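Residues per chain are reported as follows:
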Amino acid sequence: MNKLQAMEVFVQVVDAGGFTRAAENMQLPKATVSTLVQALELALEVKLLHRTTRHVSVTADGAAYYERCLRILSDVREAEESLSRNRANPSGRLRVDVASGFANDILLPALSDFFDRYPDIRLDLGIGDRPVDLIEEGVDCAIRGGNLPDSALIARRVGVLNFVTCATPGYLDRHGRPTHPHDLASHRCVNYFSTKTGKIFDWDFVRGDEVITVAAPACLAVNDSTAYMTAGMQGLGLMQMSSFMVDQMVAVGKLEIVLPDWSSTPVPVNVVYPQNRHLSAKVRVFVEWVADLFLTHPLLQLPRP
């Protein structure tokens, strides 16, 4: 028995939901597909599939083995791809995780350029501010803002997040414009909390050598950057937001920056990926493309003195 072929057949049967469809997809006789899966079960001494006359479903052991097979087969394909002469035309499925603000404001508007360059890559884009475990969840790479405690990942710095404090003119007309960070105590604010820990992030302000940290009084706290922006745009309170997300709204007068002589500590932006023995061509070209995209964005760099 060719173990890799048997694993590939098993994965196809699970994905297709049956032997007949899997055989058609792989252009193999149905008897061959059935024989390979049976041989795999005999070799492993476990039952991988429940079979009835109308339906095929995966067992608990089969589900765990299926996930392992996906990783092994992916590693084999990537190893072959890394040695291929056709590295200029990478192909296959690429799983990327990105925060909603980066996705909606930067990545999605530019993706047509990526697909023009690499039409054979299929991109599965996970969008949200929840931190994912790249290795456990099978994600190829992620774009993250903030410090990276996970030493199992390789990080490439592509920019920084610069924050401004702002609100709608309507809110400021009703509640006044703060002139010092301590004035926030008498204001309504929209806060952001960590999806992982539930902790609400404090607001920090820097002016020269003076550093102030404020626990902003919240009327609302959310854990998604796009929702945070929406709440601020509805006039629910002051918000401390990344400049790339509010720049256009400030330019057209829908938002107004307050405390302009105070800055906030910049937060690094990285593209991260697992420490594999080899970096597949599809991940490599995506990382390079994202780096070019972010590093040329004027609002994702440190302001010049």
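For the structure itself, consult the block above.
The structure contained in this document is the topic of the report that follows. A quick note: this is a predicted structure, and the numbers were derived from the prediction, not measured.

So, about the packing of aromatic side chains. Counting across every chain of the model gives 11 aromatic pairs. With a centroid separation of 5.2 Å and 55° between ring planes, the pair formed by Phe114 and Trp289 is classed as tilted. Separated by 175 residues along the polypeptide, Phe114 in helix H5 (residues 100-117) and Trp289 in helix H10 (residues 281-295) bring together distant segments of the chain. Summarising the aromatic geometry, the rings of Phe205 and Trp262 are spaced 6.5 Å apart at their centres and angled 90° between planes, so their arrangement reads as edge-to-face. In this pair, Phe205 sits in strand S9 (residues 203-207) while Trp262 sits in the loop between strand S13 (256-258) and strand S14 (267-274), placing the two residues 57 residues apart along the sequence. We classify Phe205 as buried; its relative accessible area is 1%.

Rolling a probe over the atoms, with the probe sized like a water molecule, indicates the empty space that remains. Applying the stated criterion across every chain, the model contains 1 cavity of 30 Å³ or more. One number sums up the size of the largest cavity: a volume of about 30 Å³. Asn89, Pro90, Arg117, Tyr118, Pro119 and Asp120 together form the lining of the largest cavity. Classifying every residue of the lining of the largest cavity gives 3 nonpolar, 1 polar and 2 charged.

What the rule picks out here adds up to 0 disulfides. The thiol of Cys166 is not disulfide-bonded; the next cysteine sulfur, from Cys189, is found 11 Å away. Among the cysteines around Cys189, which has no disulfide bond, Cys219 carries the closest sulfur, lying 7.6 Å off.

Let's shift gears to the pairing of strand S3 (residues 92-98). Of the strand pairs in this sheet, S3 and strand S4 (residues 121-127) are connected by 7 bridges, and their pairing is parallel. The partner of Leu94 across the bridge, within S4, is Leu123. With H5 bridging S3 and the parallel S4, this β-α-β connection has right-handed handedness.

Here we come to the nonpolar core. In summary, soluble globular proteins display a tendency toward joint burial of nonpolar side chains. With 58 residues, the main nonpolar core has Phe102, Ile143, Leu238, Phe286, Trp289 and Phe294 as its most contacted residues. Of all the elements, H10 adds the most residues to this core, at 9 residues. Formed by 20 residues, the second largest nonpolar core is a distinct cluster that contains Phe10, Val11, Leu48 and Cys69.

Now for the sheet that holds S3. With mixed pairing, 5 strands are arranged side by side in an open sheet as S4-S3-S5-S14-S6. One side of each edge strand has no neighbouring strand; the edge strands of this open sheet are S4 and strand S6 (153-161). Pairs of neighbouring strands in the sheet enclose a mean axial angle of 20°, with direction left out of account. Most of the contacts of H10 go to S6, to which it runs at about 20°, and overall it touches S3, S4, strand S5 (141-145), S6 and S14.

Quantified by volume, the largest pocket comes out at close to 1,400 Å³. Lining the largest pocket are 46 residues, and of these Gly145, Gly146, Tyr192, Phe201 and Val267 sit closest to its centre. It is S5 that provides the largest number of residues to the lining of the largest pocket, a total of 4 residues. Looking at the lining of the largest pocket, its residues break down into 23 nonpolar, 13 polar and 10 charged.

With that out of the way, let us pick up the sheet that holds strand S12 (residues 239-242). The strand order across the open sheet built from 3 strands is S12-S7-S13, with neighbouring strands paired in antiparallel fashion. Each edge of the sheet is formed by a strand with only one pairing partner; in this case those strands are S12 and S13. Across the sheet, the mean angle from the axis of one strand to that of its neighbour is 55°, orientation sign disregarded. Bridge count between strand S7 (residues 163-167) and S13: 3 bridges; the pairing is antiparallel.

Turning to helix H2 (residues 19-26), a few remarks are in order. For H2, the set of buried residues is Phe19, Ala22 and Ala23. Angular distribution of buried residues about the axis of H2 spans 100°; they occupy a single face of the element. The inward-facing, buried residues of H2 abut helix H1 (3-16), helix H3 (30-44), strand S1 (49-51) and strand S2 (56-58). Gln27 sits one or two positions beyond H2 and adopts a positive phi of about 55°.

The subject of this paragraph is the pattern of salt bridges. Evaluated as defined, the whole model comprises 11 salt bridges. Between Arg51 and Glu41 there is a salt bridge, with the nearest N and O atoms lying 2.9 Å from each other. With Arg51 in strand S1 and Glu41 in helix H3, this residue pair connects regions lying 10 residues apart in the sequence. Judged by relative accessible area, which is 11%, Glu41 ranks as buried. For Glu256, the salt bridge is made with Arg177, and the minimal N-O distance between the two is 2.8 Å. One end of the pair, Glu256, is in strand S13; the other, Arg177, is in the loop between helix H7 (169-175) and strand S8 (189-192), with 79 residues separating them in the sequence.

Procedures and definitions
- Residues numbered from 1 in each chain as written.
- Predicted model: local features only at pLDDT ≥ 70, side-chain atom pairs only at ≥ 80, totals over all residues.
- Heavy atoms only, no water.
- Phe/Tyr/Trp six-rings, centres within 6.5 Å; stacked < 30°, edge-to-face > 60°.
- Helix = DSSP H or I, 4+ residues; strand = E, 2+ residues; numbered from the N terminus.
- Buried < 20%, exposed > 50% of the residue type's maximum accessible area, 1.4 Å probe, protein only.
- 1 Å grid on protein atoms, 1.4 Å probe; cavity = no way out; pocket = protein on both sides within 12 Å on 5 of 7 lines; lining within 4 Å.
- Points joined across faces, edges and corners; volume = space filled by probe spheres on them.
- Nonpolar A, V, L, I, M, F, W, Y, C, P; charged D, E, K, R; others polar.
- Disulfide = S-S within 2.5 Å.
- Pairing = 2+ DSSP bridges.
- Right-handed = clockwise from strand over helix to strand, strands pointing away.
- Core = buried A, V, L, I, M, F, W, Y, C linked by side-chain atoms within 4.5 Å.
- Axes fitted to C-alpha atoms, helices over the stretch in contact; angles between N-to-C directions.
- Contact = heavy atoms within 4.5 Å.
- Arc of directions from axis to C-beta.
- Salt bridge = Lys/Arg side-chain N within 4 Å of Asp/Glu carboxyl O.

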